[in-house]
Amino acid sequence: AFAVTQGLLQDRTMLQPISEIKQMLDMHANFQLANQQQENANLKQENEIKSEEIANKQTLNQLYFLVIALLLCLSCLLLLLFIRSRKHRKALEEIAHTDALTKLYSRTRILDLLSHHQDLYSRNPQAYCVAIIDLDHFKQVNDKFGHVTGDKVLREVAGLFAKNISKGDIFARWG
C-alpha cells in the first residue's frame, strides 16, 4: 500500500485526487499503528507471563531455602539430642556401676564382672582369684563416732586399696 501510494504521488498523471491519496496514506499509517499496538500487546503479555514465571521460581527457591534451613536445624537438633543422650547414658551407667561413697565399682558391676570372668574361665580355664575383705568392728566406728566418720573411714580404706592394686585387678564395694 505504501509503495502504491508513493507511486501515485510521483506520477501526477493519474486522475486520483490528492485527498484519496492522503486517505490511503492514513489507512496505511493506521494499519502500521494497529500492527505495532498488537505486537506491543503480545510482548506485554509475554513479559507478564515471564514475570509470573520468575516470581513463581523465586517463591519456589524461597521454599527450597526454608525447607533446607529447616532440615539443617532439625539435623542439628537431632545431633544435639544424640550427644546429650549419650552423655546421659554414660552418666547413668556411671551411677549404676559406681558406689557413690567410695567411687569404687558397685555390687551390680562386680557381679557382672564376676559373671564375665566365669564365662572366660569356662572357655579357657586359667586361674583367677576372688578375695573378700571385711573391716572388723566397723559398726562400732559408726555407733561411736557417727556415720560421717564411718563414711570417711570407708573412703580412706577404698583409696588405700585403689592405690595399691595392680592394673588388671578389680576392686569393688560389696555392702
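Shown above is the structure to which this text applies.
Residues numbered from 1 in each chain as written. Predicted model: local features only at pLDDT ≥ 70, side-chain atom pairs only at ≥ 80, totals over all residues. Heavy atoms only, no water.

A. Geometry of the packing of aromatic side chains. Evaluated as defined, the whole model comprises two aromatic pairs. Measuring from ring centre to ring centre gives 6.1 Å for Y121 and Y128, while their planes differ by 70°; the resulting arrangement is edge-to-face. Y128 sits in the partly exposed class, given a relative accessible area of 37%. For R109, the ring lying beneath its charged end belongs to Y105, and the centroid distance is 5.6 Å. (Phe/Tyr/Trp six-rings, centres within 6.5 Å; stacked < 30°, edge-to-face > 60°. Buried < 20%, exposed > 50% of the residue type's maximum accessible area, 1.4 Å probe, protein only. Lys NZ or Arg CZ within 6 Å of the ring centre and 35° of its normal.)

B. Structural view of helix α5 (residues 147–164). Spanning 18 residues, α5 covers 26 Å between terminal C-alpha atoms, matching the ideal 26 Å at 1.5 Å per step. Taken together, the buried positions of α5 are G150, L154 and A158. Seen end-on, α5 carries its buried residues on one side only, within an arc spanning 70°. Residues V148, K152, E156, L160, K163 and N164 are exposed on α5 and point more than 90 degrees away from its buried face. (Helix = DSSP H or I, 4+ residues; strand = E, 2+ residues; numbered from the N terminus. Expected span 1.5 Å × (residues − 1). Arc of directions from axis to C-beta.)

C. Spotlight on unusual backbone geometry. Of note, K103 is a non-glycine position whose phi angle comes to about 65°, a positive value. Here K103 is to be found in the loop between α2 (18–97) and α3 (107–123). One non-glycine residue with positive phi stands out, namely H137, at about 55°. In this fold, H137 is placed in the loop between α3 and α4 (138–145).

D. Fine view of the packing of α4 against α5. Two elements in contact, α4 and α5, have axes separated by 7 Å at closest approach and are oriented at 140°. It follows that α4 is oblique to α5 by the angle criterion. Residues F138, V141, N142 and F145 of α4 touch α5, and the partners they reach there are H147, T149, G150, V153 and L154. Of the residues assigned to the contact of α4 with α5, the class counts are five nonpolar, four polar and no charged. (Axes fitted to C-alpha atoms, helices over the stretch in contact; angles between N-to-C directions. Parallel < 35°, antiparallel > 145°, perpendicular 65-115°, else oblique. Contact = heavy atoms within 4.5 Å. Nonpolar A, V, L, I, M, F, W, Y, C, P; charged D, E, K, R; others polar.)

E. Molecular detail of the state of the cysteines. The final tally for this structure, using the stated rule, is zero disulfides. You can see C76 has no disulfide; the closest cysteine sulfur is in C73, sitting 6.5 Å from it. What makes C76 partly exposed here is its relative accessible area of 47%. (Disulfide = S-S within 2.5 Å.)

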